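# A structural walkthrough
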Amino acid sequence: MPSFTAQDPDFADRCRDSFNRQPAMHLIGASMSRIAPGFCEVELLRRPEVTQQHGFVHGGMVGMIADSAAGYAAYSLFPADATVLTVEYKLNLLAPADADRLLARSQVTKHGRTLTICTMDVVGIRDGREIACATGLATMMCLLGRPDAPRK
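One structure accompanies this document, and this report is about it. Here the structure is a predicted model, which is why all the values come from computation and not from measurement.

Take the pattern of salt bridges next. Between side chains of opposite charge, a pair can form as their charged atoms come close. Evaluated as defined, the whole model comprises nine salt bridges. Between Arg101 and Glu43 there is a salt bridge, with its nearest N and O atoms 3.3 Å apart. Of this pair, Arg101 sits in strand β4 (residues 101-111) while Glu43 sits in strand β2 (residues 39-45), and the two are 58 residues apart along the sequence. Close ionic contact of Arg126 with Asp98 constitutes a salt bridge, the shortest N to O distance being 3.3 Å. In this pair, Arg126 is assigned in strand β5 (residues 115-126) and Asp98 in the loop between β3 (82-93) and β4, connecting sequence segments 28 residues apart. Residue classification places Asp98 among the partly exposed positions, given a relative accessible area of 29%. Connected via shared salt-bridge partners are Asp17, Arg21 and Asp148.

Quick look at the structure:
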């Protein structure tokens, strides 16, 4: 796993603050469970509102938490006066998300001045075991001079 150093010593507070201002994450009940330079983990508890007709967590929810984990893994390495946007991601669904809890983990693999590449993995936790649900790759863009602050 690559090792990265955050440019902003307050990266963790900045990332958590930004994540907590996302109405979409509140809507589905996701939370940021871990943040480190170049790494982020987002957790989603299974609730009826995030499932599909078979009772599995909907693939769209799996994609949402994977994308968010990748965004904050990248954002953790950005300077304080920047924000992050997803450029693209590809996600392979490996197995139904049939678990009580999902964890989306993302790790930066290549950090550039403008674009940052991240791997994404989503696992389901069932009976204390991790079951791979999805894996993917994301490209995130650093928007310099646009602090990630609440809109007025």
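From this point, the discussion proceeds with the structure in view.
One finds Ile65, Leu102 and Val122 to be the most contacted residues of the largest nonpolar core, which totals 43 residues. The element contributing the most residues to this core is helix α3 (residues 59-75), with ten residues. When residues no more than four places from it in sequence are discounted, the contact partners of Ile65 are Ile28, Ala30, Val42, Leu44, Leu102, Ala104 and Val122.

Quick notes on the rules
Residues numbered from 1 in each chain as written. Predicted model: local features only at pLDDT ≥ 70, side-chain atom pairs only at ≥ 80, totals over all residues. Heavy atoms only, no water. Salt bridge = Lys/Arg side-chain N within 4 Å of Asp/Glu carboxyl O. Helix = DSSP H or I, 4+ residues; strand = E, 2+ residues; numbered from the N terminus. Buried < 20%, exposed > 50% of the residue type's maximum accessible area, 1.4 Å probe, protein only. Core = buried A, V, L, I, M, F, W, Y, C linked by side-chain atoms within 4.5 Å. Contact = heavy atoms within 4.5 Å.

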